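One-letter residues, chain by chain:
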Protein chains: 2
Amino acid sequence: MTAPASSGVAPAHGEQRYWPEGFGVTPGGVLTVGGRPVTHWIEEAGGTPLFLYDSALIARRIEQLRAALPERVHLHYAIKANPMPDVVGFIAPLVDGLDIASAGELEIALSAGMEPRHISFAGPGKRDAELAAAIVAGVVVNLESEGEMRRLARLAKQLGKPASAAVRVNPDFELKGSGMRMGGGAKPFGVDAERVPAMLAELGQLGLQFEGFHIFTGSQNLSATALIEAQDKALTLAAELARHAPRPPRFVNIGGGFGIPYAPADKPLDLAAVGAALSARLDRLDVEIADSEIIIELGRYIVGEAGVYLTQVIDRKVSHGEVFLITDGGLHHQLAASGNFGQVIRRNYPVAVATRFSASPEETATIVGCLCTPLDRLAEKIQVPVVEPGEVIGVFLAGAYGLTASPVRFLGHPEPAERLV
Amino acid sequence: MTAPASSGVAPAHGEQRYWPEGFGVTPGGVLTVGGRPVTHWIEEAGGTPLFLYDSALIARRIEQLRAALPERVHLHYAIKANPMPDVVGFIAPLVDGLDIASAGELEIALSAGMEPRHISFAGPGKRDAELAAAIVAGVVVNLESEGEMRRLARLAKQLGKPASAAVRVNPDFELKGSGMRMGGGAKPFGVDAERVPAMLAELGQLGLQFEGFHIFTGSQNLSATALIEAQDKALTLAAELARHAPRPPRFVNIGGGFGIPYAPADKPLDLAAVGAALSARLDRLDVEIADSEIIIELGRYIVGEAGVYLTQVIDRKVSHGEVFLITDGGLHHQLAASGNFGQVIRRNYPVAVATRFSASPEETATIVGCLCTPLDRLAEKIQVPVVEPGEVIGVFLAGAYGLTASPVRFLGHPEPAERLV
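Residues numbered from 1 in each chain as written. Chains lettered and ligands numbered in written order. Predicted model: local features only at pLDDT ≥ 70, side-chain atom pairs only at ≥ 80, totals over all residues. Heavy atoms only, no water.

Here's the deal with the overall build of chain A
Summing up its helical and strand segments, chain A has 10 helices and 22 strands in all. In terms of C-alpha radius of gyration, chain A reaches 23 Å, essentially the compact-globule figure of 22 Å for 421 residues. Seen along its three principal axes, the alpha-carbon backbone of chain A occupies a region of about 70 × 45 × 35 Å. A total of 421 residues make up chain A; the buried ones form 63% of that total. Entry remark: accessible area of chain A is about 14000 Å², with carbon and sulfur atoms responsible for 51%. Here chain A contributes 37 positively and 47 negatively charged side chains, and the mean placements of these two sets differ by 4 Å. (Helix = DSSP H or I, 4+ residues; strand = E, 2+ residues; numbered from the N terminus. Rg over C-alpha atoms; globule rule 2.2 N^0.38 Å. Buried < 20%, exposed > 50% of the residue type's maximum accessible area, 1.4 Å probe, protein only. Areas by Shrake-Rupley, 256 points an atom, 1.4 Å probe, with all protein chains shown as cover. Lys, Arg positive; Asp, Glu negative; His and termini not counted. Charge placed at Lys NZ, Arg CZ, Asp CG, Glu CD.)

Here you go:
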C-alpha cells in the first residue's frame, strides 16, 4: 500500500491516505487505469458515472495467488463479488472454478465457459426452480440443510437426471476477526457439523452424487494467523466428516475470507504466510481427503482492488464554511462506500480527484452524491485541491460489491456504465 | 397502532408487537390486503416475493391528511418514497402536486398526468440534461445553489424557453429529532438562508421565473411539537426571504417530515395537533406570503404503511438450538427492514406469518433472506407458530423506501413483483 510520490489527495486530519497499487498518473496529473487516463475511458463510455475494472490488475492478483498458494490448491472465483459478464468471462479461464449464489449467476458462469462440475452453487434459500436448473446444468449444489437435500433428491428423480451435491458445513469454529462471520454458533448457513454424519448417510441412500464439503468461516479478513488457523481446522473437520461420506470427497472447499485493506490503518494480508502454512498443512493431509481437490474460493480479494468508480463534480458549494463537492454519482452505485451497507462506523474509502491526482491539497471538502439524502456521502472531510465542476472523483476499491450491492434504482437515476479495460 | 385481537405473532422477549392499521384476516387466519387473502394476490402474481400496496389505505391516509390539515394547504407526494407508476398514477389525482428528484422521476410524474407547474424538482446534483428536461417540461426547479441557478439560466437561454425556479433554503434551524436531518448547520442541500437575498436578486436579473421557496428540515419525525415548531419557523423564514424576491412567491413548500411508527415503542404522530397548529399559524401569515400556496410534501407518510412485502419460507432449519426460517426474499428487496440502510441499531420491522396470522406463537425464530450473507435478516428472534416451508411471511411498512431503496441485483436473484391492489 504505497502512495504514489505525488498523490492528488493528502492526509486529512493527520490521517494517512493510501491508494491500491497498480494505478498510474499522466504527466498532466490525471489518474490512469489500464495505462490510459480516466478521461479517455469516460469519453469512450459517453460520460460518468463509470465503473472501470482493470483486467491486468485482476490477472496480476490471480498470479500472486498462484505463486503464493500450493500448486494443488484449486482457485475459485465467487461471482457474487462482481458478476459483470465481461469480468467473469475474463476470470473464468484463469481460475479452476466458479462459485454461484443464484440461478442468475448460474447463467453467467455457464456463459463464461466454465465446466459445470467446477461450478458450485451455495445459498441458504435455493428455490426448487434453482435446484432444478442446477441439476439440468450438472453443477454441484452445496447443500445447506437436510430439507434442501431431500428436495434436490426429489427433483433429480422427477427430472430423471443425476444430481451432484456437496455438504456445506457450519463448523464449530469461526474465522476470528472477520468482516462477516459465516461459521461458529447458530447460523442460517450450512449444517451444524455434528449433524453432518447422519446427513451423509441419508445423502447416499437418496442416490445423490456426493462431491465434497464446503466450509466457509468468514470474509474480509486481514489476519494471516486467523486464516491459517481456520484453514487448518477446516481441513481437520473435513477429514473427520469424510469418514462418514458415501465415497471420498472429490473436493474440500475451505472457503476464502482473504481481506483487502479499506483504510490506511488496515495492513494488507500476508499472502505468503498463508500460502506457506497451507503448503505445510497439505503435506500432512489426513488420508480421507488426501486425494481431494482443495479449493479456495475468493471474490473480493480477486477483483476488489482492481476497480475504480468515477463520478463527475456537478457543483461545488459552501455551506456554513464547509465545502461540499456534489457529484453525479452516489450511494445508488456505491452503497458500501457511503458507509450504509452493514457498516456500524463510517470510514472513508480511498477517494481522490482523479483528474488532478498530482495536485496539492488546498482545502477540506466533503464529497457527496446527487441523491436527496444525508446518507449519500462518498468521502467525509478529506483534503483536496480546490475543485470546480467538471473534475472527476475516483472512488477506489470499487471492483467488488459495488454496483450490484447498491440500490441502483433509488431516486430514478440512470444506470452507470461498467467497463473491463 | 392497535393489534388485531388475534395477532399471528406474539410479543418477543416481552416486547410489544403491533401491526399497521387497515389489514384484516380471513376466518382461516390468513392476512388480507385490500380485502383479499395474500394467497390470492400471490397466485395472481405468479408467486413470491411480492410487494402489495393497498390503494384504499393510501386513499384513506390522504383523506386523513385533508381532514387534519387546513384547507388551503397544498398536499404534494414525493415520488422517491415509492415511484411505482401505478402507485404514482393512483395518487396523482388525489394530491395537488408531485415532487421529483431525477429526470427518471420527471417521466413518471408527467405520465401520471400531473400539471407541470405542480411538479417540483429537488436534488443537489442535477445534471445539465436534467435541468434541460425540466425546462422543456415546464416544471419548477428547486435551486440548490447559485451555480445551479446560473446553469439553469444558461440552459433556458440556449433552449429559448422560460425556466421556473424556486429556491431551496438551508435554514438555520432543524427539525428536532428527525430520522434524517436536512436543515440546520452545514448541508449539501439548498442555499444557506443568509445567502438567499443576494441569490434572489441575481435570479431576477437572470430572467428566471421565480416561483417560491422550498424549506425542507427533516424526515421521519413522530413529534408533533417538533413539526409545529419547524413549520412555524419555516413560514417566518419564507416571509423574511420573500421581501427580497423579484415577485411574491407563488408557493412556499415547508417540507414534510411526518413520520410513521416502525417499532412498538414509536408513538404515531398526532396529526390533529399538527393540523390545528398549522391552521392557527396560517391565520397570521405575514403579508409577503399571504397569498402563497402553502405546500406540504410527504412521501413515506402517504405510502409507507400501505405496503406489505410477502416472501415464502423455503426452509426451516435449526442450528445450535436456534430456529431459522429461510425465505425466498431478503435485503435485496427490503434493505431497510434488514437494518442495513443507514440504521445504527437494528430494530425489527413488524413481521408476521401472513398465512397463519391468527395462530398462537410456539417458538422463537429468526427470519432470514435467501442471500449468502449474515446481513440478510428480516426479523431477529421473534415469536412465531411452528412454520414449515410454503408458509408466507409478511413484512409490513413496505410501502415506502422498499424495492427501489434496495440492491435488487445483489447475487443475481429475479426481480420481485409489485402490485397496487
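Notes on the pairing of strand β17 (residues 322-327) of chain B
On a regular strand, each side chain points to the face opposite its neighbour's, so the side chains alternate between the two faces of the sheet. All names here are of chain B. Within β17, 5 of the 6 residues are buried, leaving the element largely enclosed by the surrounding structure. With 6 bridges joining them, strand β16 (residues 307-319) and β17 adopt antiparallel strand pairing. Counted as the bridge partner of Ser 319 is Glu 322 from β17. Remark: 2 residues form the turn of the hairpin made by β16 and β17, two consecutive strands paired antiparallel; His 320 in that turn has positive phi of roughly 50°. Pairing geometry for β17 and strand β19 (residues 363-368), over 4 bridges, is parallel. Pairing of Phe 324 across the sheet is with Thr 366, part of β19. (Pairing = 2+ DSSP bridges.)

Some points on the packing of aromatic side chains
This structure, assessed with the given rule, holds 22 aromatic pairs over all chains. For the ring pair Phe 51 of chain A and Tyr 309 of chain A, a centre distance of 4.7 Å and an interplane angle of 40° mean the geometry is tilted. Here Tyr 309 of chain A lies in strand β16 (residues 307-319) and Phe 51 of chain A lies in strand β4 (residues 50-53), a separation of 258 residues in the sequence. Neither Phe 51 of chain A nor Tyr 309 of chain A differs from the other in exposure class; each is buried. Taking 5.3 Å as the distance between ring centres and 55° as the angle between the ring planes, the aromatic pair formed by Trp 19 of chain B and Phe 357 of chain B counts as tilted. Remark: Phe 357 of chain B occurs in the loop between β18 (351-353) and β19 and Trp 19 of chain B occurs in the segment before β1 (24-25); sequence separation between them is 338 residues. (Phe/Tyr/Trp six-rings, centres within 6.5 Å; stacked < 30°, edge-to-face > 60°.)

Topic: the confidence of the model for chain A
Residue and element names in this part refer to chain A. When pLDDT is averaged along chain A, the result is 94, and 95% of the positions lie at 70 or above. Of the regions scoring below 50 in pLDDT, residues 1-15 engages in 45 contacts with residues more than four places distant in sequence or in other chains. As a predicted assembly, this complex carries a pTM of 0.95 together with an ipTM value of 0.94. (pLDDT = per-residue confidence, 0-100. Contact = heavy atoms within 4.5 Å.)

Here we look at the packing of helix α4 (residues 103-111) of chain A against helix α5 (residues 128-137) of chain A
Residue and element names in this part refer to chain A. As a packed pair, α4 and α5 sit with axes 9 Å apart at the nearest point and diverge in direction by 20°. By the criterion of interaxial angle, the relationship of α4 to α5 is roughly parallel. As for how α4 packs across α5, the hand of that crossing is left-handed. Across the interface between the two elements, Ala 103, Leu 106 and Leu 110 of α4 pack against Glu 130, Ala 133, Ala 134 and Ala 137 of α5. Classifying every residue of the contact of α4 with α5 by side-chain character gives 6 nonpolar, no polar and 1 charged. (Axes fitted to C-alpha atoms, helices over the stretch in contact; angles between N-to-C directions. Parallel < 35°, antiparallel > 145°, perpendicular 65-115°, else oblique. Left-handed = near helix turned anticlockwise from the far one by under 90°. Nonpolar A, V, L, I, M, F, W, Y, C, P; charged D, E, K, R; others polar.)

Here we look at the domain arrangement of chain A
Residue and element names in this part refer to chain A. Parsing chain A into structural domains produces domain 1 (5-54 + 305-420) and domain 2 (83-298). Just the C-alpha atoms count here: the centres of domain 1 and domain 2 sit 35 Å apart. Taken residue by residue, the interface counts 15 residues in domain 1 and 11 residues in domain 2. Between domain 1 and domain 2 lies a buried interface of about 1100 Å² when both sides are counted; carbon and sulfur atoms form 66% of it. Counting every contact that joins domain 1 to domain 2 gives 1 salt bridge. For the salt bridge of Asp 266 with Arg 347, the shortest nitrogen-to-oxygen distance reads 3.2 Å. (Domains from an automatic or database assignment. Buried area = accessible area lost by both parts, 1.4 Å probe. Salt bridge = Lys/Arg side-chain N within 4 Å of Asp/Glu carboxyl O.)

Let's talk about the nonpolar core
Ranked by internal contacts, the top residues of the largest apolar core, which has 281 residues, are Tyr 77, Phe 213 and Phe 258 of chain A together with Tyr 77, Phe 213 and Phe 258 of chain B. Excluding residues that lie within four positions of it along the chain, Phe 213 of chain A makes contacts with Ala 166, Val 167, Val 169, Val 196, Leu 200, Ala 238, Leu 241, Ala 242, Pro 249, Phe 251, Val 252 and Asn 253 of chain A. (Core = buried A, V, L, I, M, F, W, Y, C linked by side-chain atoms within 4.5 Å.)

Topic: the sheet that holds strand β3 (residues 36-37) of chain A
Residues and elements named next belong to chain A. With respect to topology, 3 strands assemble into an open sheet ordered β1-β2-β3, the strand pairing being antiparallel. Of all strands in the sheet, those with a lone pairing partner are β1 (24-25) and β3, marking the two edges. In the sheet, β1 pairs with strand β2 (residues 31-33) via 2 bridges, with the strands oriented antiparallel. When the bridges of β2 are listed, Gly 24 appears paired with Thr 32.

As for helix α6 (residues 146-159) of chain B
For α6 of chain B, built from 14 residues, the straight-helix expectation of 20 Å at 1.5 Å per residue is met to within 8% by its first-to-last C-alpha distance of 20 Å. In this structure, the buried side of α6 of chain B is in contact with β16 of chain A together with α5 (128-137), β8 (140-143), β9 (164-170), β11 (191-192) and α7 (196-205) of chain B. The backbone nitrogen of Gly 147 of chain B has a side-chain oxygen 3.3 Å away, supplied by the residue at the start of α6 of chain B, namely Ser 145 of chain B. A positive backbone phi angle near 65° is found at Gly 160 of chain B, which sits one or two residues after α6 of chain B. (Expected span 1.5 Å × (residues − 1). Polar contact = N/O pair within 3.5 Å; in protein donor to acceptor, adjacent residues only side chain to side chain.)

Side note on the relation of the copies chain A and chain B
With an RMSD of 0.0 Å, the fit of chain A onto chain B corresponds to turning through 180° and sliding 0.0 Å along the axis. A rotation of that kind, with that shift, is consistent with a two-fold axis. For chain A, the smallest separation between a C-alpha atom and the rotation axis is recorded for Pro 407 of chain A, amounting to 2.0 Å. (Least-squares fit on C-alpha atoms with pLDDT ≥ 70 in both.)

Observations regarding the sheet that holds strand β2 (residues 31-33) of chain B
If you walk across this open sheet you meet the 3 strands as β1-β2-β3 (chain B), and the pairing is antiparallel. Unpaired on one side and paired on the other, β1 and β3 (36-37) of chain B mark the two borders of the sheet.

Points about the interface of chain A and chain B
On the side of chain B, 71 residues touch chain A, which itself brings 71 residues to the contact. In total, chain A and chain B occlude about 5600 Å² of area from one another, counting both sides; carbon and sulfur atoms represent 60% of this. There are 2 salt bridges connecting chain A and chain B. Between Arg 409 of chain A and Glu 415 of chain B there is a salt bridge, with the nearest N and O atoms lying 2.8 Å from each other. Mapped by element, the contributors of at least two residues to the side of chain A that touches chain B are α4, α6 (146-159), β9 (164-170), β10 (180-181), β16 and β17 (322-327) of chain A. When residues of the side of chain A that touches chain B are assigned to their parent elements, the largest contribution, 5 residues, is made by β16 of chain A. Here the side of chain A that touches chain B is built from residues that sort into 29 nonpolar, 20 polar and 22 charged.

Quick look at the pattern of salt bridges
Scanning all chains against the criterion turns up 45 salt bridges over all chains. A salt bridge links Glu 148 of chain B to Lys 126 of chain B; the nearest nitrogen and oxygen atoms lie 2.7 Å apart. Taken together, the residues span a long stretch of sequence, with Glu 148 of chain B in helix α6 and Lys 126 of chain B in the loop between β7 (119-121) and α5 at a distance of 22 residues. Lys 126 of chain B carries the same exposure label as Glu 148 of chain B, and that label is buried. The partner of Glu 380 of chain B in a salt bridge is Arg 377 of chain B, with the nearest N and O atoms 2.9 Å apart. In this structure, a network of salt bridges that share partners links the residues Glu 211, Arg 247, Arg 250 and Glu 293 of chain A.

Describing α7 of chain B
Residue and element names in this part refer to chain B. Restricting attention to buried positions, one finds in α7 the residues Val 196, Met 199, Leu 200 and Leu 203. The buried side chains of α7 occupy one side of the element, clustering within an arc of 100° when seen end-on. Projecting away from the buried face of α7 at angles above 90 degrees are the exposed residues Ala 198 and Gln 205. In this structure, the buried side of α7 is in contact with β8, α6, β9, β11, β12 (209-214) and α8 (224-242). Backbone geometry just downstream of α7 places Gly 207 in the positive-phi region, at approximately 80°. (Arc of directions from axis to C-beta.)

Re the packing of helix α2 (residues 55-68) of chain B against helix α9 (residues 271-283) of chain B
Residues and elements named next belong to chain B. Interaxial distance between α2 and α9 falls to 8 Å at its minimum, and their mutual angle equals 40°. Comparing their axes, α9 and α2 come out oblique. Across from Gln 64, Leu 65 and Ala 68 in α2, the residues of α9 making contact are Leu 271, Gly 275 and Ala 276. For the contact of α2 with α9, the residue count by class is 4 nonpolar, 2 polar and no charged.

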